[in-house]
Each structure stands twice: as structure tokens, then as C-alpha cells.
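Secondary and tertiary structure notes
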Amino acid sequence: MFRFNAFFSLREDVKIEDALALAHKLAEQSRKDEGCISYDLFQSTTNPRTMLFCETWKDQACIDKHASAEHFTTIVPKLEALTENGLKLEKFEF
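Quick caveat: nothing in here was measured; it's all calculated off a predicted structure.

Thresholds, definitions, all that
- Residues numbered from 1 in each chain as written.
- Predicted model: local features only at pLDDT ≥ 70, side-chain atom pairs only at ≥ 80, totals over all residues.
- Heavy atoms only, no water.
- Phe/Tyr/Trp six-rings, centres within 6.5 Å; stacked < 30°, edge-to-face > 60°.
- Lys NZ or Arg CZ within 6 Å of the ring centre and 35° of its normal.
- Core = buried A, V, L, I, M, F, W, Y, C linked by side-chain atoms within 4.5 Å.
- Buried < 20%, exposed > 50% of the residue type's maximum accessible area, 1.4 Å probe, protein only.
- Helix = DSSP H or I, 4+ residues; strand = E, 2+ residues; numbered from the N terminus.
- Contact = heavy atoms within 4.5 Å.
- Arc of directions from axis to C-beta.
- Polar contact = N/O pair within 3.5 Å; in protein donor to acceptor, adjacent residues only side chain to side chain.
- Salt bridge = Lys/Arg side-chain N within 4 Å of Asp/Glu carboxyl O.
- Pairing = 2+ DSSP bridges.

In the structure shown here, the tally under the stated rule is three aromatic pairs. Counting every residue linked through ring pairs, the aromatic cluster contains F8, Y39, F53 and W57. Above the face of the F2 ring, K91 is positioned so that its terminal group lies 4.5 Å from the ring centre.

Here it is in C-alpha cells:
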């Protein structure tokens, strides 16, 4: 299994609600992907412009399918455009 933690911070000119709507849509649709064990979105309590996706996947093949899914290829670029420096991704295996 694999765990991904993807951190991102929103630009100051971005409405938090707009980013949350995109992020929640990505999480909801990703949870339906084959091999998705969990896909959660967290918003920092100390800085509401900082967010984190925590994802757990069955195997690399499922991750690859997810990365090419329409919701991923459509929503992630839109979300990245709202960030200060893109998404910082950390991958863990267990």
C-alpha cells in the first residue's frame, strides 16, 4: 500500500471557498477510483490557506489509473493554479 500526503498553500488572492469546492470534488471522485482506500482533505487550523490531501492506495497500478482519470487531469491543474507553489507531494510505502 501507498500513502500520499500532498500539501498546498493558496495564493492570497484566491477565495478559500473556491479552492475547497475544487478540492472536495477531487476527493469525492477519487474515493470512487479502483484501489482507493482513503482520500481525505484537511485544512490547517493555524493557517486556513494551507491544506493537505491524505491518500491511501492499494498499489501502484491503481495510483497510475487515478493519475490518468479525467477528474484528476481536469481538477488538479485548476487547483495547482490557485496555489503559491503547487502541490508538495510525499509518498510513503507500507
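Now for the nonpolar core. One finds F53 and L79 to be the most contacted residues of the largest nonpolar core, which totals 25 residues. In terms of residue count, the dominant contributor to this core is helix α1 (residues 16-30) (seven residues). Excluding residues within four positions of it along the chain, L79 makes contact with F8, A19, L22, A23 and F53.

Further remarks concern helix α2 (residues 60-68). For α2, the set of buried residues is C62, I63 and H66. Along α2, the residues classed as buried sweep out an arc of 100° about the axis, all on the same side. Among the exposed residues of α2, those oriented more than 90 degrees off its buried face are K65 and S68. Packed against the buried residues of α2 are β1 (2-9), α1, β2 (36-43), β3 (50-57) and α3 (70-80). The N-cap of α2, judged by a side-chain oxygen 3.3 Å from the amide nitrogen of A61 a few residues on, is D59.

Before going further, it helps to spend a moment on the side chain of E55. By the element assignment, E55 lies in strand β3. Other than its neighbours up to four places away in sequence, E55 contacts F2, R3, F4, S38, Y39 and H66.

Right, let's get into the pattern of salt bridges. In this structure the tally under the stated criterion is four salt bridges. In this structure, the salt-bridge partner of E12 is R49, at a minimum N-O distance of 3.8 Å. Here E12, found in the loop between β1 and α1, pairs with R49, found in the loop between β2 and β3; they are 37 residues apart in sequence, far enough to count as distant. The shortest N-O distance in the salt bridge between E90 and K88 comes to 2.6 Å. The class of E90 is partly exposed, set by a relative accessible area of 31%.

Along any regular strand, the residues point their side chains to alternate faces of the sheet. When β1 meets β3, the two strands line up antiparallel, connected through eight bridges. Note on β3: the bridge partner recorded for R3 is T56. Where β1 lies against strand β4 (residues 88-93), six bridges are found, and the strand directions are antiparallel. Residue pairing for β4: R3 is matched across the bridge by F92.

Bringing the environment of D59 into the picture now. With respect to the helices, strands and loops of the structure, D59 is situated in the loop between β3 and α2. Here D59 falls in the partly exposed class, since its relative accessible area comes to 27%. Sequence spacing of D59 and E12 is 47 residues, and the spatial spacing of their C-alpha atoms is 36 Å. For D59, the side chain forms a polar contact with the main-chain nitrogen of C62, separated by 2.9 Å.

In short, the description is geometric, and any link to function would need to be established separately.
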